[in-house]
Number of protein chains: 2
Amino acid sequence: MPRSTFFNLPEERRNRLVREAITEFAERAYVEASLSQIAVRARIPKGSFYQYFEDKLDLYRWLLTEEVPRRKQEFLGVSPPVGGFWARLEHHVERGMAFLVEHPRLARLTAAAADPSAIAEVRGLHRSICEAGVAELRALLEEGVAEGAIRTPGADLEHATRLVSAVIGPGLTDLVLQELGAELHEVLGSDSLRRRLGGARRRRLAAWAIQFIRGGLDTGAPRSSTRKRQP
Amino acid sequence: MPRSTFFNLPEERRNRLVREAITEFAERAYVEASLSQIAVRARIPKGSFYQYFEDKLDLYRWLLTEEVPRRKQEFLGVSPPVGGFWARLEHHVERGMAFLVEHPRLARLTAAAADPSAIAEVRGLHRSICEAGVAELRALLEEGVAEGAIRTPGADLEHATRLVSAVIGPGLTDLVLQELGAELHEVLGSDSLRRRLGGARRRRLAAWAIQFIRGGLDTGAPRSSTRKRQP
DNA sequence: GTCCCATGCGACCGGTCGGTCATATGACCG
DNA sequence: CGGTCATATGACCGACCGGTCGCATGGGAC
C-alpha cells in the first residue's frame with residue numbers, strides 16, 4: 001500500500017503520477033516498465049517516489065487491486081439486475097466491451113493479470129486477480145443455473161466457467177481489436193474509441209457472443225454430466 | 001536465422017544451447033530472459049554465442065518459427081484426416097492437449113505468441129505467429145462449413161474462428177492446469193505430465209470442449225448472418 | 001616448419017535498472 | 001530567533017543486461 005505521504009500529495013501531482021504509471025504499465029509488462037521513466041514523465045524525482053510507495057511492486061499492486069478496480073466500478077456504475085439471466089449476461093459482456101473501448105489503458109491493466117512473469121510475487125498477484133475474476137463469473141453462472149437458464153449440473157460448472165471466461169476475456173478482446181482493425185498497442189494511445197465502435201455495434205457483438213456461449217452451455221455441458229471428479 | 005557455424009556445431013554442444021534456450025524462454029518472457037544465463041547454463045561462453053546467432057532476437061525468432069514448430073510437427077506426426085469434421089476437430093484438440101502435457105516447455109513457447117511486448121520487433125513476430133495459428137484454425141473450420149457440419153455463413157466465420165481460438169487456446173490451457181491442480185510455472189519444470197493427465201482424461205476433456213464449441217457454432221452463428229460488414 | 005583462417009573465448013563496454021542516502025527546504029513551535 | 005521534523009531531491013550505488021573486441025587455439029595447405 002502507498003505511504004500516507006502519497007495521499008497527502010497535492011492532487012495535481014498525485015494525478016500526474018498515477019496517470020503516467022497507468023500509461024507505463026499498460027504499454028509495458030511489469031519487468032519492462034521503468035520507474036525512472038514514470039518518474040521523468042510525471043516530473044517527479046525518483047527519490048520522491050520512494051516517499052510515496054515502498055517500491056515498484058507496491059505501486060503496481062495498488063494500481064491493479066485498488067485504483068483500476070475503483071475506476072472500473074465507477075465506469076460500470078451499479079447495474080441493477082434486470083431481465084432474465086441471458087439478458088443480464090449480455091449486458092455484462094457489453095459493458096465489458098464498452099470499458100475496453102472507452103478506457104483501453106485501464107482495461108489493459110485489468111487484462112495484465114493473464115500475463116506470465118518470472119517474478120513470484122507478480123505471479124501471485126496476477127493469479128489472485130485472475131481467480132477473483134473467475135469467481136465473479138462463476139457466481140453469475142450459478143445464478144443462471146438457479147434460474148434454470150443453464151442446464152449444466154454443478155460438477156461441471158467450474159469447467160464451464162473457465163471456457164466462458166476465455167471467450168469473454170481474450171476471445172472478445174481479440175474480436176474487438178479485429179473490428180477496430182487495430183493492434184492493442186495502437187489502441188492504448190487513444191483515450192476513447194467510441195467513435196469507432198459505438199453502442200450499436202458493441203451490442204451486436206455482445207449478442208453474438210452470448211449466442212455462442214448459450215449454445216455451448218446448452219449442448220456441451222449435460223453430455224458430460226456423468227464424468228467422475230478427480231480424487 | 002542462425003549463422004552457418006551454429007549448424008556445424010558438435011551435436012551435443014548445439015543441443016545444450018537449444019535446450020537451455022528453450023527452458024529460459026519458456027520460463028521468462030522475452031525481455032526477462034537472459035542470454036548470459038542461457039550461456040552459463042549451456043556452458044557456452046557468451047562470445048561464442050554471437051558466433052552462432054546474430055543476437056538475442058535471432059535466437060528467439062528461430063526457436064519460435066523453426067525449432068519449436070518442427071518439434072511440434074514431429075510430435076503430432078502426420079494425422080490422416082479420418083472421420084467426420086467434428087471427430088477431426090476433437091482429435092486436433094486432443095493432440096494439442098497431449099502436446100501441452102508431454103512437452104510443457106515447447107507448448108509454452110508456442111503460447112508465448114500471445115504475450116504482450118513493448119518491443120516492436122517482438123510484437124510483430126508474436127503477431128505473425130498468432131495470425132498463422134488463426135489461419136490454420138479458419139481453414140479447418142472452413143472444411144466444416146464445406147461438409148455442412150457448421151451452418152455458419154461465410155461472413156461470420158472470421159468472428160467464429162476468433163472465439164473458437166480463444167476456447168481451444170487460453171481456455172483449454174486454463175482447464176488443463178485446473179485438472180492438473182498446478183500452475184504453469186510448476187509444470188514447466190517437468191518434462192512430462194502424462195502420468196497426471198492420461199489419454200482417457202484428455203479425450204474426455206476434448207470431447208467436452210468440442211460439445212461446447214459445437215453448440216456455440218450451431219446456435220450462435222446463424223442468428224447474426226444478416227449483419228452488415230463495416231465499410 | 002610456417003602461414004592462414006575459422007572458431008573459441010572471457011574480459012570488458014556503455015547503458016539502464018531499482019533502490020538509497022546525504023543534504024536541502026520550509027512550515028510550525030517555543 | 002533557533003530547533004525540530006516531515007518531506008523534497010538528485011547524485012549515487014551495485015547489479016545486470018546485450019553486445020563487442022582482441023587475443024588464443026588448432027587444424028589443414030604448402
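Residues numbered from 1 in each chain as written. Chains lettered and ligands numbered in written order. Predicted model: local features only at pLDDT ≥ 70, side-chain atom pairs only at ≥ 80, totals over all residues. Heavy atoms only, no water.

Draft legend 1. Representation of the relation of the copies chain A and chain B in the model. Rotating chain A by 180° and moving it 0.0 Å along the rotation axis overlays it on chain B with an RMSD of 0.0 Å. Expressed as a symmetry operation, the mapping of one chain copy onto the other fits a two-fold axis. A high fraction, 100%, of the interface residues of chain A reappear at the interface in chain B, so the copies pair face to face through one surface. (Least-squares fit on C-alpha atoms with pLDDT ≥ 70 in both. Contact = heavy atoms within 4.5 Å.)

Draft legend 2. The protein's contact with DNA strand D, seen in detail. Around DNA strand D sit 18 residues in total, of which A:Arg13, A:Gly47, B:Ser34, B:Lys46 and B:Tyr50 are the nearest. Of all DNA strand D atoms lying within 4 Å of any protein atom, the proportion belonging to sugar or phosphate reaches 56%. Contacts to DNA strand D include A:Arg13, whose side-chain N or O atom sits 2.8 Å from a phosphate oxygen. Within the side chain of A:Ser48, a nitrogen or oxygen atom sits 3.5 Å from a phosphate oxygen of DNA strand D. Among the elements that take part in the surface near DNA strand D, helix 4 (residues 46-52) of chain A stands out by supplying four residues, more than any other. (Near = heavy atom within 4 Å. Polar contact = N/O pair within 3.5 Å; in protein donor to acceptor, adjacent residues only side chain to side chain. Helix = DSSP H or I, 4+ residues; strand = E, 2+ residues; numbered from the N terminus.)

Draft legend 3. Expanded view of the packing of helix 6 (residues 85-102) of chain B against helix 7 (residues 104-111) of chain B. Residue and element names in this part refer to chain B. At a closest axis distance of 5 Å, the pairing of helix 6 and helix 7 adopts a crossing angle of 115°. On helix 7, the residues that touch Phe99, Leu100, Val101 and Glu102 of helix 6 are Pro104, Leu106, Ala107 and Thr110. When grouped by side-chain class, the residues that make up the contact of helix 6 with helix 7 number six nonpolar, one polar and one charged. (Axes fitted to C-alpha atoms, helices over the stretch in contact; angles between N-to-C directions. Nonpolar A, V, L, I, M, F, W, Y, C, P; charged D, E, K, R; others polar.)

Draft legend 4. Focus on the packing of aromatic side chains. In total, this model carries 25 aromatic pairs over all chains according to the counting rule given. When the ring of A:Phe6 is compared with that of A:Trp62, the centres are 5.3 Å apart and the planes differ by 80°; the resulting orientation is edge-to-face. Of this pair, A:Phe6 sits in helix 1 (residues 4-8) while A:Trp62 sits in helix 5 (residues 56-76), and the two are 56 residues apart along the sequence. Look at A:Phe6 and you get buried, because its relative accessible area is 1%. Taking the centre distance of 5.5 Å and the plane angle of 20° together, the rings of B:Phe49 and B:Phe53 count as stacked. A relative accessible area of 0% places B:Phe53 in the buried class. Members of the aromatic cluster, joined through ring pairs, are A:Phe6, A:Phe7, A:Phe49, A:Tyr50, A:Phe53 and A:Trp62. (Phe/Tyr/Trp six-rings, centres within 6.5 Å; stacked < 30°, edge-to-face > 60°. Buried < 20%, exposed > 50% of the residue type's maximum accessible area, 1.4 Å probe, protein only.)

Draft legend 5. Empty space enclosed by the protein, seen in detail. Residue and element names in this part refer to chain A. Tallying each qualifying case throughout the model produces three cavities of 30 Å³ or more. Of the volumes computed, that of the largest cavity is approximately 140 Å³. Around the largest cavity, the lining is made up of 15 residues, and of these Ala29, Tyr30, Val31, Asp115 and Pro116 lie nearest the centre. Taken together, the residues of the lining of the largest cavity break down into nine nonpolar, two polar and four charged. When residues of the lining of the largest cavity are assigned to domains, at least three map to each of domain 1 (1-78) and domain 2 (80-223). (1 Å grid on protein atoms, 1.4 Å probe; cavity = no way out; pocket = protein on both sides within 12 Å on 5 of 7 lines; lining within 4 Å. Points joined across faces, edges and corners; volume = space filled by probe spheres on them. Domains from an automatic or database assignment.)

Draft legend 6. Looking closely at the interface of chain A and chain B. Taken together, the contacts link 48 residues of chain A with 48 residues of chain B. Taking both partners together, chain A and chain B bury about 4,400 Å²; carbon and sulfur atoms supply 62% of that area. Looking at the side of chain A facing chain B, the largest losses of area belong to A:Leu163, A:Trp208 and A:Phe212, adding up to 18% of the total buried there. Taken together, the links from chain A to chain B amount to four salt bridges. The salt bridge partner of B:Glu183 is A:Arg127, with a shortest N-O separation of 3.6 Å. Counting across the chain A and chain B interface gives ten residue pairs in polar contact (both at pLDDT 80 or more). For the side of chain A that touches chain B, the secondary-structure elements that each account for two or more residues are helix 8 (120-146), helix 9 (157-180) and helix 11 (199-220) of chain A. (Buried area = accessible area lost by both parts, 1.4 Å probe. Salt bridge = Lys/Arg side-chain N within 4 Å of Asp/Glu carboxyl O.)

Draft legend 7. The side chain of A:Glu32, seen in detail. As for its placement among the helices and strands, A:Glu32 is situated in the loop between helix 2 (11-27) and helix 3 (35-41). Despite its burial, A:Glu32 remains without a salt bridge, the nearest opposite charge being carried by A:Arg28 at 5.5 Å. Of note is the side chain of A:Glu32, whose polar atom sits 3.2 Å from the backbone nitrogen of B:Ala118. The residues touching A:Glu32, leaving out its near neighbours within four places in the chain, are A:Glu24, B:Val31, B:Pro116, B:Ser117, B:Ala118 and B:Ile119. (Lys, Arg positive; Asp, Glu negative; His and termini not counted.)

Draft legend 8. Looking closely at the nonpolar core. Residues A:Leu63 and B:Leu63 are the most contacted members of the largest nonpolar core, which totals 132 residues. Residues within four places of B:Leu63 in sequence aside, it is in contact with B:Val18, B:Ala21, B:Ile22, B:Phe25, B:Val68, B:Pro69 and B:Leu109. (Core = buried A, V, L, I, M, F, W, Y, C linked by side-chain atoms within 4.5 Å.)

Draft legend 9. Looking closely at the domain arrangement of chain A. Residue and element names in this part refer to chain A. The domain boundaries assigned to chain A delineate domain 1 (1-78) and domain 2 (80-223). Each of domain 1 and domain 2 has a C-alpha centre, and the two are 26 Å apart. Each partner contributes to the interface: domain 1 provides 19 residues, whereas domain 2 provides 20 residues. Counting the surface lost from both domain 1 and domain 2, the interface buries some 1,800 Å², and carbon and sulfur atoms represent 78% of this. On inspection of domain 1 and its partner domain 2, the count reaches zero salt bridges. Looking at the side of domain 1 that touches domain 2, the elements with two or more residues in it are helix 2 and helix 5. By residue number, the principal contributor to the side of domain 1 that touches domain 2 is helix 5, which donates eleven residues. Grouping the amino acids of the side of domain 1 that touches domain 2 by side-chain chemistry returns 13 nonpolar, two polar and four charged.

Draft legend 10. Structural view of the side chain of B:Glu67. Residue and element names in this part refer to chain B. Here glutamate 67 lies in helix 5 (residues 56-76). Assessed through its relative accessible area of 7%, glutamate 67 is described here as buried. The residues touching glutamate 67, leaving out its near neighbours within four places in the chain, are Val18 and Trp62.

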